[in-house]
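Overview (structure and organization)
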Amino acid sequence: RSVQAVADYYGNVETFGVRDCSVQRNNQKIIEETPPAHMKRQTIEALEQGSRRLLKAADYHGAGTVEYLYDIERDQFFFMEVNTRLQVEHPISEELYHTDLVQLQIHVACGGSLEKFRKETPIGHVIEVRLNAEDPENRFAPTPGKIKRYLPPQLPGIRLDSGIEWGSTIPKEFDSMIAKIIAKGPDRKSAIAKLTRALRELQIEIDNGTTNQGFLLELLNSKEIREGGVQTDFVEQRSEEHTSNSSHLVISYAVFCL
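Residues numbered from 1 in each chain as written. Predicted model: local features only at pLDDT ≥ 70, side-chain atom pairs only at ≥ 80, totals over all residues. Heavy atoms only, no water.

1. What to know about the pairing of strand β6 (residues 125-132)
Counting buried residues in β6 gives eight out of eight residues, a clear majority hidden from the surface. Strand direction decides the pairing type here: strand β3 (residues 28-34) and β6, joined by four bridges, are antiparallel. What sits directly across from E32, in β6, is E128. Across eight bridges, the pairing between β6 and strand β12 (residues 177-185) is antiparallel. Looking at the pairing, N132 lines up with M177 of β12. (Buried < 20%, exposed > 50% of the residue type's maximum accessible area, 1.4 Å probe, protein only. Helix = DSSP H or I, 4+ residues; strand = E, 2+ residues; numbered from the N terminus. Pairing = 2+ DSSP bridges.)

And the structure:
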């Protein structure tokens, strides 16, 4: 779990809810959402209050992200670290609170105060996936190359943050992320439904490459993701089960052929 925060030079600290980034692979986040599924309002408030106290005590200035480990069964959280920057998943906090966090970060960096800032009441649910140029069937190996086709979804309630267009080249020297696709809905179920439709309508083709588009759709359609509250090793376990099942199918086919 992570808490988005912004602190000015005058002792004011503002927080913007709690994000769940448990769906990850090899410590790289795949799906992020806010607020976390099944987390009590009291727990969210406690995480935000604790984060504000921590940043004030540290005399912190600027935007930052306070990260925690959260035990769902015991409803307990444990401090892990502070990332002194905005995280990749900050758009979901922006959408939930209708706030431009980049602009707010610049405001406080230039000596601006948060004293007159009024945070909007969060309504609904926001979820995001990271579209990457990688091959899930080949241990998620990067697949850089020229984009031969790119038609992003044009749907209400969908935000797409991307630095590419039709004809762009995904370089092999950098991270393979193509875009962040963010969906907002009145509740978690509708947000997932919007995101699923957006992914299905997305059209992208990379010369001699592929993306994790199908893999993301499989995750969003899984019972575990729809119910919410998965652990950080969920994707690895799922991938191992998929590999094991595929091996059994190959062996069974070979025996049949004999």
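2. Brief notes about the sheet that holds strand β1 (residues 2-7)
The sheet built from eight strands is open, its strands ordered β5-β4-β1-β2-β3-β6-β12-β10 with antiparallel pairing. Of all the strands in the sheet, the pair left with one neighbour each is β5 (76-83) and β10 (158-162). Averaged over all pairs of adjacent strands, the angle between strand axes in this sheet comes to 25°, irrespective of strand direction. Here five bridges tie β10 to β12, and the two strands are oriented antiparallel to one another. Paired with R159 across the two strands is I182, which belongs to β12. Most of the contacts of helix α1 (residues 41-57) go to strand β2 (residues 13-25), to which it runs at about 115°, and overall it touches β1, β2, β4 (62-71) and β5. Here helix α5 (residues 213-221) sits on the sheet and contacts β2, β3 and β6; the angle it forms with β6, its principal contact strand, is near 150°. (Axes fitted to C-alpha atoms, helices over the stretch in contact; angles between N-to-C directions. Contact = heavy atoms within 4.5 Å.)

3. Topic: the pairing of β2
Counting buried residues along β2, twelve of its 13 residues qualify, which places the element largely inside the surrounding structure. Here β1 pairs with β2 via five bridges, running antiparallel. Pairing of V6 across the sheet is with E14, part of β2. Adjacent in sequence and paired antiparallel, β1 and β2 are bridged by five residues, among which G11 carries a positive phi angle near 90°. Bridge count between β2 and β3: four bridges; the pairing is antiparallel. Looking at the pairing, V23 lines up with I31 of β3. Between β2 and β3, which pair antiparallel in sequence order, lie two residues; one of them, N26, sits at a positive phi of approximately 55°.

Worth remembering: the numbers are spatial, not functional.
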